[in-house]
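Observations on chain architecture
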Amino acid sequence: MLSNILLKNLRDQRKSFMWWSIGISALIILTILFYPSFADSPEFDDILDNMPEALAKLFVGAVSDLTSPEGYLNSQLFVLLVPLLFMFFAIARGSGAIAGEEEKGTLDLLLSYPLKRSRVLIEKFAAMVVTILAMAFVFWLSIAVGAVAIGMDISLWRVAEATLSGVFLGLAFGTLALALGCANSNRGLSIGVASALGVAAYFLNALAPVVDALEPLQKLSLFYYYIEADPLSNGLDLGHVGVLLGLTGILLSVALVTFNRRDLVT
Amino acid sequence: MTNRVIHTENLTKFYGKHRGLIDLNFEVRAGEVVGYLGPNGSGKSTTIRLLLDFIRPTKGRAEVFGMDVRAYSVDIRRRVGYLPGELVLYENLTGREMLVHLASLRGGVDWKYAEALAERLELDLSRSIKTLSKGNKQKVGLVQAFMHQPELLLLDEPTSGLDPLMQQEFYLMAREATAEGRTVFLSSHVLAEVERIADRVGIIREGKLVLEEEVATLKAKALRQLEMHFATSVPAEAFTGLPGVRDIRVENGIVHCTIEGSVDALVKAAAQFEVVNITSHEPDLEEIFLAYYTECDNHAE
């Protein structure tokens, strides 16, 4: 596990990954175990009807019925929890990749070895992708276990697509944090800026349908590309996936260029 | 020119308006131990970090093994062992895991040799790095710098944190490396250390190389305090005007003086009297260094 930077970085995350996994699977399985009692109470849909529209958009998105399996999972998991979870998890990894190592002071030693800076960066990026995918798998598996346990009528394939949509969203923000860290070596700043942009993007996408002034700006929010097509019900929209992955690619290129150019900080 | 390991031309680095290094022209030849001497913040680390392409020159250029440090950094780093001035290791690993990881980044090293180095430095590789003292961490740093038997060692303050016994061991390791034709470039603010192991010394101050000299020449040029005891009282005139001799004081058959360079003329002059004893205080670089800095300060005023 120490034979290259990618594996070493995965090894470093063993413990934190284990705790994340335990937390996520517990949360998801509990959520799903609640579903049968929820589905038996159609009055929950009335609550939704009576809720102010802006509030509903913020917390349950465009979901129109809370008691169908898709409606329940979307409102409980995929509208708010999944994207923020993947986003913050990825930002933590992305900001640590270069700026974290630089702040700790280990980057000097690492780069005195015969490795191109771009190689180090790509391995760190790959470690981030692998960790996010692994977390997505734990996530999907927990839903699958819960769904089978209560006999929920949901396509596990669609669950995988919706989860992947979260992975792509997370990757875009994680790579943003990575690029910020590559540009200025300050981990805190990289976390702060990426998170602030992420939260702003969430509100922009949630409120745009009900706030006229924000409506034309909705497509600037990455959350639009994550959830608008409702991947849990309809599958992934390739155009939207393309936007998220394309942006990730651009940010990675920016990270490579800026990191190659600048002076390392002691 | 093939034995020119490091070569810089007007190498200059500004950090914003702050000057890190100014117009450095310097050379290190194969098989030498070169000491790079100066107070903290004088530009020693800046020079080493420029050679490793961690930072980019504002002006000028540098070559290592005849290759441009910007264009051929990876090739250069393959043949260099580096010890950072502020060494930080991965705290979650043991010494052995750290070295295994680093060795694999070089595509493997002779592991027996690496373990032998650790043993020489009395370093316990099975201990977690977060439990190691500063000195023991420094040993891990030394082992990783030496373990692939690099042609050039760039060592930034290599003995910091080491106890005197381990410092001796390090000096031996450096000497063995040069005996095999490898080259050592080390920075230090400890003068005695550079005097002890370097063939040549560069003194740097506020980003400028102020002196570059063989250690032996530097010592020969240095002022020495000499004290001669005679059986009878002697006249001061017998010693005045001799080359290199100054500050003569004579009292009751004891002559005190300061001498620069060869003592030959002085000893011959003394031979006409009955000499009981001669004591010479061997100068160390510290005095030379301080004398040099005082001189600079005087000029500056």
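Everything that follows concerns the structure shown earlier in this document.
In this report, we go over the structure that sits alongside the text. Sequence order sets the numbering: in each chain, residues are counted from 1 along the sequence as written. Each chain gets a letter, beginning with A, and each ligand a number, beginning with 1, in the order they are written. Thresholds applied to this predicted model are a pLDDT of at least 70 for local features of residues and 80 or more for the giving and counting of side-chain atom pairs; totals over whole chains, interfaces and linings are not thresholded and use all residues. Based on all heavy atoms of the structure, the side-chain values leave hydrogens and waters out of the count.

Right, let's talk about helix α14 (residues 238–261) of chain A for a bit. Residues and elements named next belong to chain A. Look at α14: 34 Å from first C-alpha to last across 24 residues, which is about the 34 Å you get at 1.5 Å a residue. Burial status follows relative accessibility: with a 1.4 Å probe on protein chains alone, a residue under 20% of its type maximum counts as buried, one over 50% as exposed, and anything between as partly exposed. Helix numbering and strand numbering both begin at the N terminus, where a helix is a DSSP run of H or I of at least 4 residues and a strand a DSSP run of E of at least 2. Buried within α14 are the following residues: His-240, Val-241, Leu-244, Thr-248, Leu-251, Leu-252, Ala-255 and Phe-259. Contacts are residue-level and defined by heavy atoms, with any inter-residue pair within 4.5 Å sufficient. Of the surrounding secondary structure, the elements contacted by the buried residues of α14 are α7 (81–104), α8 (107–111), α9 (117–150), α10 (156–184) and α12 (222–227). Polar contacts, as counted here, are pairs of nitrogen or oxygen atoms within 3.5 Å of one another; within protein the pair requires one atom able to donate a hydrogen and one able to accept it, and residues that are adjacent in sequence qualify only if both atoms are side-chain atoms. Between the side-chain oxygen at the start of α14 and the backbone nitrogen of Gly-239 there is a gap of 2.8 Å, and the oxygen is on Asp-237. The span one expects for a helix is its residue count, reduced by one, times 1.5 Å.

Another aspect to go through is the nonpolar core. Within the largest apolar cluster, 148 residues are counted, with the highest numbers of intra-cluster contacts made by Leu73(A), Phe78(A), Phe146(B), Leu154(B), Phe170(B) and Phe185(B). Ignoring sequence-local partners within four residues, the contact set of Leu154(B) consists of Ile6(B), Ile48(B), Leu51(B), Leu52(B), Val80(B), Gly81(B), Tyr82(B), Leu83(B) and Phe185(B). To qualify as a nonpolar core, a set must consist of buried Ala, Val, Leu, Ile, Met, Phe, Trp, Tyr and Cys residues joined through side-chain atoms within 4.5 Å. Membership of the second largest hydrophobic core comes to 13 residues, among which are Met228(B), Leu242(B), Cys257(B) and Ile259(B).

Attention now moves to the interface of chain A and chain B. Contact residues are listed per partner, giving 28 residues for chain A and 27 residues for chain B. Once two parts are joined, some of their accessible surface, as seen by a 1.4 Å probe, is lost; buried area is that loss totalled over both. Summing both partners gives a buried area of about 2,500 Å² for chain A against chain B, and 55% of it is carried by carbon and sulfur. For the chain A face of the interface with chain B, the top three residues by lost area are Leu109(A), Tyr113(A) and Pro114(A), together amounting to 27%. Salt-bridge detection follows one rule: a side-chain nitrogen of Lys or Arg within 4 Å of a carboxyl oxygen of Asp or Glu. For the pair chain A and chain B, the interface holds three salt bridges. The residue Asp263(A) makes a salt bridge to Lys13(B) at a minimum N-O spacing of 2.5 Å. Among the secondary structure elements, those contributing two or more residues to the side of chain A that touches chain B are α1 (5–12), α7, α8 and α14 of chain A. Here the side of chain A that touches chain B is built from residues that sort into 10 nonpolar, seven polar and 11 charged. Note that Gly is not counted as nonpolar here; it falls among the polar residues with everything else outside the nonpolar set of Ala, Val, Leu, Ile, Met, Phe, Trp, Tyr, Cys and Pro and the charged set of Asp, Glu, Lys and Arg.

Right, let's talk about the packing of aromatic side chains for a bit. When two rings of Phe, Tyr or Trp (its six-membered ring) have centres within 6.5 Å they constitute a pair, described as stacked for plane angles under 30 degrees, edge-to-face for angles over 60, and tilted for the intermediate range. Inspection of the entire model under this criterion finds 19 aromatic pairs over all chains. Ring centres of Phe78(A) and Phe139(A) lie 6.0 Å apart, and the angle between their planes is 70°; on these two criteria the pair is classed as edge-to-face. Remark: Phe139(A) occurs in helix α9 and Phe78(A) occurs in helix α6 (residues 69–78); sequence separation between them is 61 residues. By relative accessible area, which is 1% here, Phe78(A) ends up buried. Taking the relative accessible area as the measure of exposure, Phe139(A) reaches 1% and is therefore buried. Ring-pair connections join several aromatic residues into one group, and the members of that group are Phe173(A), Tyr202(A), Phe203(A) and Phe223(A). A cation over a ring is seen here: Lys8(A) above Tyr90(B), with NZ or CZ 3.4 Å from the ring centre. Placement of a positive charge over a ring is assigned whenever Lys NZ or Arg CZ falls within 6 Å of the ring centre and within 35 degrees of the normal to the ring plane. Between the NZ or CZ atom of Arg93(A) and the centre of the ring of Phe89(A), over which it lies, the distance is 4.3 Å.

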